[in-house]
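Inside the fold
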Amino acid sequence: MTSGKANPRRQFAFQAVLIAFLLALMNLQAQEPSLRVAAAADLKCAIEELSAEFTSKTGMKVDVTTGSSGNFFAQIQSGAPFDLFFSADTDYPKKLGAGGFAESGTLSLYALGRIVIWAPPGAAIDLSNQGWNALADAGVRKIAIANPMHAPYGRAAAAALQKAGIYERVKSKLVYGEDISQAAQFVQSGNAQAGIIALSLARSPGMKEGKMWVIPAGMHPQIEQGVVMLKNAQNKTGAHAFLDFVKSAGGKAILEKHGFAVPPNK
């Protein structure tokens, strides 16, 4: 007659197999490389939220480094270990592709940027009524912009000043940040009284209480922002998945929330 009690040896063997399986799974997950992303400084808040949401959905860790698109362009050519490069323009990704540093066919447009004149909340200038003329105000001694030599937002700011016919009046006031994030920091810290920065940064928690005037889009070349997968990417599967998420309805909603326009999927 068979006993109804569980066989202790069989139960122990099952538990041993289960533990071994779980340990193997944990080891596999630990060995899976995280996704390494280089992102233009204007994306700081947006890419952090995109990464956190992606991680919550997939469990994959995303290591994000933000900075100047031009500097990333140079670093990638020197072998910097990134999987994806989110630039503030499309020129740098195109050049990486032409030079053999990016995977063919992975370049895509993910966002359109905007620029604004921004000043601290206590500034004496009236941006909403003065617009461009606020920059010529005697109280504005320094105007921060990103360096046009390697920052797309800096080039857009310089082009807008030229288009507005105010460049010659204010060029002696200009101070240049390494990237758009540093330009914003100059104004926040009081080292400049006004700045031309990304709308995405003007909407960030530390700046959204400031004064802001959105520069009309027709005043500067369109800021088309492109992303590309790099040739030496170690996590191409994760990179494809992250790109799909950024282009999804949820990803686009996050980008729009942070001040970007999003192009339609092609």
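Worth saying up front: this structure is predicted, and the values here are computed from it rather than measured.

Turning to the confidence of the model for the protein chain, a few remarks are in order. Looking at the protein chain, pLDDT values average 90 and 87% of them are 70 or higher. The secondary structure element of the protein chain with the lowest average pLDDT is helix H1 (residues 8-31), at 52, and the one with the highest is strand S3 (residues 84-86), at 98. Under a pLDDT of 50 for its full length, residues 27-31 has, in the predicted model, zero contacts with residues more than four places off or in other chains.

Here strand S1 (residues 35-40) runs beside strand S2 (residues 62-67); their pairing, made up of six bridges, is parallel. Bridging from a neighbouring strand, Arg-36 pairs with Asp-63 of S2. Read from S1 through helix H2 (residues 44-58) to S2, the crossover connection turns out right-handed.

Right, let's talk about the sheet that holds strand S10 (residues 223-229) for a bit. If you trace the five strands from one edge of the open sheet to the other, you get S2-S1-S3-S10-S4, paired in mixed fashion. Only two strands of the sheet have a single partner each, and these edge strands are S2 and strand S4 (108-113). Adjacent strand axes in the sheet meet at a mean angle of 20 degrees, parallel and antiparallel pairs treated alike. In terms of strand pairing, S4 meets S10 through five bridges, oriented antiparallel.

As a further point, take the sheet that holds strand S6 (residues 143-146). In space, the five strands of this open sheet follow the order S7-S6-S8-S5-S9, with mixed pairing throughout. If you trace the sheet from one side to the other, it starts and ends with strand S7 (174-177) and strand S9 (211-214), each paired once. Neighbour-to-neighbour, the strand axes of the sheet open up by a mean angle of 30 degrees, direction not taken into account. Relative to the sheet, helix H6 (residues 152-164) contacts strand S5 (115-119), S6, S7 and strand S8 (194-198), its axis offset from that of S5 by approximately 85 degrees.

Another point: the pattern of salt bridges. Under the criterion given, the structure shown has eight salt bridges. Between Arg-36 and Asp-83 there is a salt bridge; the shortest N-O distance is 3.1 Å. Separated by 47 residues along the polypeptide, Arg-36 in strand S1 and Asp-83 in the loop between helix H3 (69-77) and S3 bring together distant segments of the chain. The pair formed by Arg-36 and Asp-83 is uniform in burial state, with each residue classed as buried. Salt-bridge contacts for Glu-53 lead to Lys-57; the nearest nitrogen and oxygen are separated by 3.7 Å. Within this pair, Glu-53 and its partner Lys-57 are both found in helix H2, separated by four residues, close to a single helical turn. Residue class for Lys-57 comes out exposed when judged on its relative accessible area of 56%.

Attention now goes to the side chain of His-258. Turning to its location among the elements, His-258 is positioned in the segment after helix H11 (249-257). In terms of polar contacts, His-258 uses its side chain to reach the side chain of Glu-49, at 2.8 Å. Sequence-distant contacts of His-258, defined by excluding residues within four places in its chain, comprise Cys-45, Ala-46, Glu-49, Leu-199, Ser-200 and Arg-203.

Within the secondary structure, Lys-236 is located in helix H10 (residues 236-247). According to the relative accessible area criterion, Lys-236 is partly exposed, its value standing at 32%. In this structure the C-alpha to C-alpha distance between Lys-236 and Leu-35, which are 201 residues apart in sequence, comes to 8.6 Å. Ignoring sequence-local partners within four residues, the contact set of Lys-236 consists of Glu-103, Met-229, Leu-230 and Lys-231. Within polar-contact distance, the side chain of Lys-236 engages the side chain of Glu-103 at 2.6 Å.

The next subject is the packing of aromatic side chains. For the coordinates displayed, the defined rule picks out eight aromatic pairs. Judged by centre distance (6.1 Å) and plane angle (65 degrees), the rings of Phe-72 and Phe-85 are edge-to-face. Of this pair, Phe-72 sits in helix H3 while Phe-85 sits in strand S3, placing them 13 residues apart in sequence. The same class applies to Phe-72 as to Phe-85, namely buried. A ring pair is formed by Trp-132 and Trp-213, whose centres lie 5.6 Å apart and whose planes are at 75 degrees; its orientation type is edge-to-face.

Calculation notes
Residues numbered from 1 in each chain as written. Predicted model: local features only at pLDDT ≥ 70, side-chain atom pairs only at ≥ 80, totals over all residues. Heavy atoms only, no water. pLDDT = per-residue confidence, 0-100. Helix = DSSP H or I, 4+ residues; strand = E, 2+ residues; numbered from the N terminus. Contact = heavy atoms within 4.5 Å. Pairing = 2+ DSSP bridges. Right-handed = clockwise from strand over helix to strand, strands pointing away. Axes fitted to C-alpha atoms, helices over the stretch in contact; angles between N-to-C directions. Salt bridge = Lys/Arg side-chain N within 4 Å of Asp/Glu carboxyl O. Buried < 20%, exposed > 50% of the residue type's maximum accessible area, 1.4 Å probe, protein only. Polar contact = N/O pair within 3.5 Å; in protein donor to acceptor, adjacent residues only side chain to side chain. Phe/Tyr/Trp six-rings, centres within 6.5 Å; stacked < 30°, edge-to-face > 60°.

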